Amino acid sequence: MALLIIGLPGATELIVMVMVLAMYVGLPAAGMILIYNFLDGKRGYEKRISELEGQVERLESELSDE
């Protein structure tokens, strides 16, 4: 990559700045996205469990009516 922009003054500094930006912004953003997805999946399970519990209650009430 450095060979492609070797004619530019400050090319090395530009590459270093892009790498630092990726580490200081990209890694925390990726971490936050992973944490959000993990917590969202956990809430999804809780919602699904509550729906299944409601369905079990309805089925039990139907059986008791018969």
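Computed from a predicted model, the values in this text were never measured in an experiment.

**Re the overall build of the protein**
- Looking only at helices and strands, one finds one helix and zero strands in the protein.
- Per-residue burial for the protein yields a buried fraction of 2% across its 66 residues.
- When the accessible surface of the protein is summed, it comes to about 6,300 Å², and 69% of that surface belongs to carbon and sulfur atoms.

**Notes on the UniProt feature "transmembrane region" (unreviewed entry) in the protein**
- Per the UniProt record, "transmembrane region" (unreviewed entry) is found at residues 14-39.
- Within the segment residues 14-39, helix and strand shares are 100% and 0% respectively, and the terminal C-alpha atoms sit 37 Å apart.

**Remarks on helix α1 (residues 11-65)**
- With 55 residues, α1 should cover 81 Å at 1.5 Å per step; its first-to-last C-alpha distance of 79 Å lies within 8% of that length.
- A22 marks the point of greatest bend in α1, at about 30°.

**Focus: a nonpolar patch on the surface**
- Taken together, V16, V20, L21, Y24 and V25 make up a surface patch of nonpolar side chains, about 500 Å² in accessible area.
- Along the chain, V25 turns up in helix α1.

Cut-offs applied
Residues numbered from 1 in each chain as written. Predicted model: local features only at pLDDT ≥ 70, side-chain atom pairs only at ≥ 80, totals over all residues. Heavy atoms only, no water. Helix = DSSP H or I, 4+ residues; strand = E, 2+ residues; numbered from the N terminus. Buried < 20%, exposed > 50% of the residue type's maximum accessible area, 1.4 Å probe, protein only. Areas by Shrake-Rupley, 256 points an atom, 1.4 Å probe, with all protein chains shown as cover. UniProt positions renumbered as here; feature names shortened; annotations may be inferred. Expected span 1.5 Å × (residues − 1). Bend = angle between axes of the 7 residues up to and from the residue. Patch = residues over 30% accessible without salt bridge, like charges linked within 9 Å, V, L, I, M, F, W, Y side chains within 5 Å. Salt bridge = Lys/Arg side-chain N within 4 Å of Asp/Glu carboxyl O.

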